[in-house]
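Residues per chain are reported as follows:
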2 protein chains.
Amino acid sequence: MKKIVIFGVGLIGGSVALALKKAGSAAQIIGVGRSTESLQSAVDLGVIDAACSDITQAVQNADIVLIAAPVAQTASILTAIKPALAATTVITDAGSTKSDVLACAKEILGEQFNQFVGGHPIAGAEKSGVTAATTDLYRNKNVVLTPTDATDPDAIQRVRELWQHCGANVTEMPATTHDSIFAAVSHLPHLLAFALVDDIASRKNAEQLFGFAASGFRDFTRIAGSHPEMWRDISLANRSALLNEITAYQDELSRLKQMLELSDGDALHALFDRASTARNNWAKLKEQ
Amino acid sequence: MKKIVIFGVGLIGGSVALALKKAGSAAQIIGVGRSTESLQSAVDLGVIDAACSDITQAVQNADIVLIAAPVAQTASILTAIKPALAATTVITDAGSTKSDVLACAKEILGEQFNQFVGGHPIAGAEKSGVTAATTDLYRNKNVVLTPTDATDPDAIQRVRELWQHCGANVTEMPATTHDSIFAAVSHLPHLLAFALVDDIASRKNAEQLFGFAASGFRDFTRIAGSHPEMWRDISLANRSALLNEITAYQDELSRLKQMLELSDGDALHALFDRASTARNNWAKLKEQ
């Protein structure tokens, strides 16, 4: 690939740039962003080859345009690049939800929607910003691509190779499947953690409660420290799948509550045992 | 203190023994337990001075008897030591719930209930067994004591000093306050994590879901890997406070769900913002 353009050179976009440079698989990496200062810092750190403020010029002759900016900017970025988009340029993104991004891309790109491949790298985002970017953020991590029937097979292949050069394991699935999976294993846990901390923080004796919270609480609530804006956007973007997950969880919690109301030790033990076995098996598998 | 007797020399009891030895604050530490093998291992590791299978002999002239065995054994241990209990011996425990332990001690010890001080060291239990015991498990950790109006002030003072010699910060509060606090910041999070993993594990596509679960899921569900028996016992022992917490959490989750149903981004943002601010402030305070 001769030219990669990255919109949003933070942890996600910056780590792609670093990994591609290390793999020697991109001749030129151009960064585009809203903050001149942060882009200059990406150039200074050697993460990107150049920053570009002229979008038409940036996108010209690009092999791949990767949108790694906050998802709320996706529509305006697609609108801005559309007039300059060559038929040979592939566009992809790194957002946490996919059905909404595909709908947006379809509407804005029109006939060029076949050049768009939705993507979601599953990599930690505890830190943010280009200074946190690393060459190995995606090594052995999952990346999900959500092509549609309309997507150009060559475009899919090019995005697949981009992530494989970053060391990732690439899987393809429909956007709705992606959104259901991540509603269950990521979005719901975030909302549950936010809800617990908000519930405790609103109590009169919040200070006392927090004072006795220990390591179990620390780990359970770590994701409640995440960015409020980002999680508002993800919640709204994946609203329908997330509402299904909340309902399923409410049912599970009601069943557990009933076991406790009935002092049904056997049922509680069976539930805890299923959960701890599944959790510990999962952890063993992940460690391999 | 001349003689300390510890029932259950695992992570909790063993770490008390090691810390007291290091502080030079106990002349003799005797271990009592159901497994001869595990007690012998505690002797071999230098955690206790001697193992004793004769309870009457073990308890004789003891300054403090610490019950650090699984809570389900507390009643039978109290019943066994009662006939041998001198008026000068203080009894304490290390269970995660306190109202139930006090009720049990009151019933079994009768007039000698004034010699009993309920205790709960708030220290991690990811590992278990005497081989995991360390001298500094309780350093700067909280220990809650739950004396009643009937408790002998000297007994409280002696137990307080025991934990202070282990490096812990000792707080006193009524057992019901203790149980409410830990229902909120420990027992509820455990049940919520068990419920999430059980819900996911029961799905047809569980393998696929677990396959895409990442670091947020890992931390949120770590406590779902806990011992099923221990959590059945804790849930039943703290049933009433825990039911209140589940109800409060269900209400909070219903409010959050409604915000999402209404696509109320401002309300979602406000809730996530309150939670993330509280969580991050708590983490900063704990790091100090």
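Note that the coordinates shown come from a computational prediction; the quantities given were computed from them, not determined experimentally. (Residues numbered from 1 in each chain as written. Chains lettered and ligands numbered in written order. Predicted model: local features only at pLDDT ≥ 70, side-chain atom pairs only at ≥ 80, totals over all residues. Heavy atoms only, no water.)

1. Comments concerning the overall build of chain A
Inference 1: A tally of regular secondary structure across chain A gives 12 helices and nine strands.
Inference 2: In terms of overall dimensions, chain A has a C-alpha envelope of 70 × 40 × 35 Å along the principal axes.
Inference 3: Within chain A, buried positions represent 55% of all 288 residues.
Inference 4: A sequence separation of at least 24 residues applies to 75% of the contacts in chain A between residues at least 6 apart.
Inference 5: For chain A, the exposed surface amounts to about 12000 Å²; the carbon and sulfur share of it is 48%.
Inference 6: One finds the centroid of the 25 positive side-chain charges in chain A at a distance of 3 Å from the centroid of its 31 negative side-chain charges. (Helix = DSSP H or I, 4+ residues; strand = E, 2+ residues; numbered from the N terminus. Buried < 20%, exposed > 50% of the residue type's maximum accessible area, 1.4 Å probe, protein only. Contact = heavy atoms within 4.5 Å. Areas by Shrake-Rupley, 256 points an atom, 1.4 Å probe, with all protein chains shown as cover. Lys, Arg positive; Asp, Glu negative; His and termini not counted. Charge placed at Lys NZ, Arg CZ, Asp CG, Glu CD.)

2. Details of the domain arrangement of chain A
All names here are of chain A.
Inference 1: Domain assignment breaks chain A into domain 1 (3–172) and domain 2 (177–287).
Inference 2: Spacing between the C-alpha centres of domain 1 and domain 2 amounts to 31 Å.
Inference 3: Across the boundary between the two partners, domain 1 contributes 13 residues, which contact 11 residues of domain 2.
Inference 4: Roughly 930 Å² of surface becomes buried between domain 1 and domain 2 when both sides are summed, with 62% attributable to carbon and sulfur atoms.
Inference 5: Where domain 1 meets domain 2, there are zero salt bridges.
Inference 6: In this structure, the connection of domain 1 to domain 2 is made through three residue pairs in polar contact (both at pLDDT 80 or more).
Inference 7: Of the residues in the side of domain 1 that touches domain 2, the class split is four nonpolar, six polar and three charged. (Domains from an automatic or database assignment. Buried area = accessible area lost by both parts, 1.4 Å probe. Salt bridge = Lys/Arg side-chain N within 4 Å of Asp/Glu carboxyl O. Polar contact = N/O pair within 3.5 Å; in protein donor to acceptor, adjacent residues only side chain to side chain. Nonpolar A, V, L, I, M, F, W, Y, C, P; charged D, E, K, R; others polar.)

3. Some thoughts on unusual backbone geometry
Inference 1: Look at N61 of chain A: it is not a glycine, yet its phi comes out positive at around 60°.
Inference 2: With respect to the element layout, N61 of chain A can be found in the loop between α3 (55–59) and β4 (64–67).
Inference 3: Notably, S263 of chain B is not glycine yet its phi reads approximately 50°, a positive angle.
Inference 4: The class of S263 of chain B is partly exposed, set by a relative accessible area of 38%.

4. Brief notes about the relation of the copies chain A and chain B
Inference 1: Each copy superposes on the other: chain A lies on chain B with an RMSD of 0.0 Å after a rotation of 180° and an axial shift of 0.0 Å. When the rotation and shift are considered jointly, the pair of chain copies conforms to a two-fold rotation axis. Using C-alpha coordinates, one finds that chain A approaches the rotation axis most closely at F220 of chain A, a distance of 2.0 Å.
Inference 2: Both copies contact each other with a shared surface, as 100% of the interface residues of chain A are interface residues in chain B too. (Least-squares fit on C-alpha atoms with pLDDT ≥ 70 in both.)

5. Looking at the side chain of D179 of chain B
All names here are of chain B.
Inference 1: Topologically, D179 is positioned in helix α7 (residues 175–201).
Inference 2: A polar atom in the side chain of D179 sits 2.9 Å from the backbone nitrogen of K98.
Inference 3: Here D179 is in contact with T97, K98, S99, N238 and A241, once residues within four sequence places are set aside.

6. Section: the interface of chain A and chain B
Inference 1: The partner chain B presents 81 residues to the 81 residues of chain A that form the contact.
Inference 2: For the pair chain A and chain B, the two sides together bury roughly 7700 Å², of which 67% comes from carbon and sulfur.
Inference 3: At the boundary of chain A and chain B, one finds six salt bridges.
Inference 4: In this structure, R274 of chain B and D198 of chain A form a salt bridge, with 2.7 Å as the shortest nitrogen-oxygen distance.
Inference 5: Linking chain A to chain B there are 38 residue pairs in polar contact (both at pLDDT 80 or more).
Inference 6: Looking at the side of chain A that touches chain B, the elements that each hand over two or more residues are β8 (142–145), α7 (175–201), α8 (206–212), α9 (215–221), α10 (228–237), α11 (239–261) and α12 (265–287) of chain A.
Inference 7: Here the side of chain A that touches chain B gets 18 residues from one element, more than from any other, and that element is α7 of chain A.
Inference 8: A class-by-class count of the residues in the side of chain A that touches chain B yields 44 nonpolar, 20 polar and 17 charged.

7. Some thoughts on the pairing of strand β5 (residues 90–93) of chain B
Residue and element names in this part refer to chain B.
Inference 1: Burial of the side chains of β5 extends over both faces: V90 and T92 are buried on one face and I91 and D93 on the other.
Inference 2: In terms of strand pairing, strand β4 (residues 64–67) meets β5 through four bridges, oriented parallel. Within the sheet, the bridge partner assigned to I64 lies in β5 and is V90.
Inference 3: In terms of handedness, the path from β4 via helix α4 (residues 74–81) over to β5 forms a crossover that is right-handed.
Inference 4: As judged from the two bridges shared by β5 and strand β6 (residues 116–117), these two strands associate in the parallel manner. If you follow T92 over to β6, its bridge partner there is V117.
Inference 5: Note that the unit made of β5, helix α5 (residues 99–109) and β6 has a crossover that is right-handed. (Pairing = 2+ DSSP bridges. Right-handed = clockwise from strand over helix to strand, strands pointing away.)

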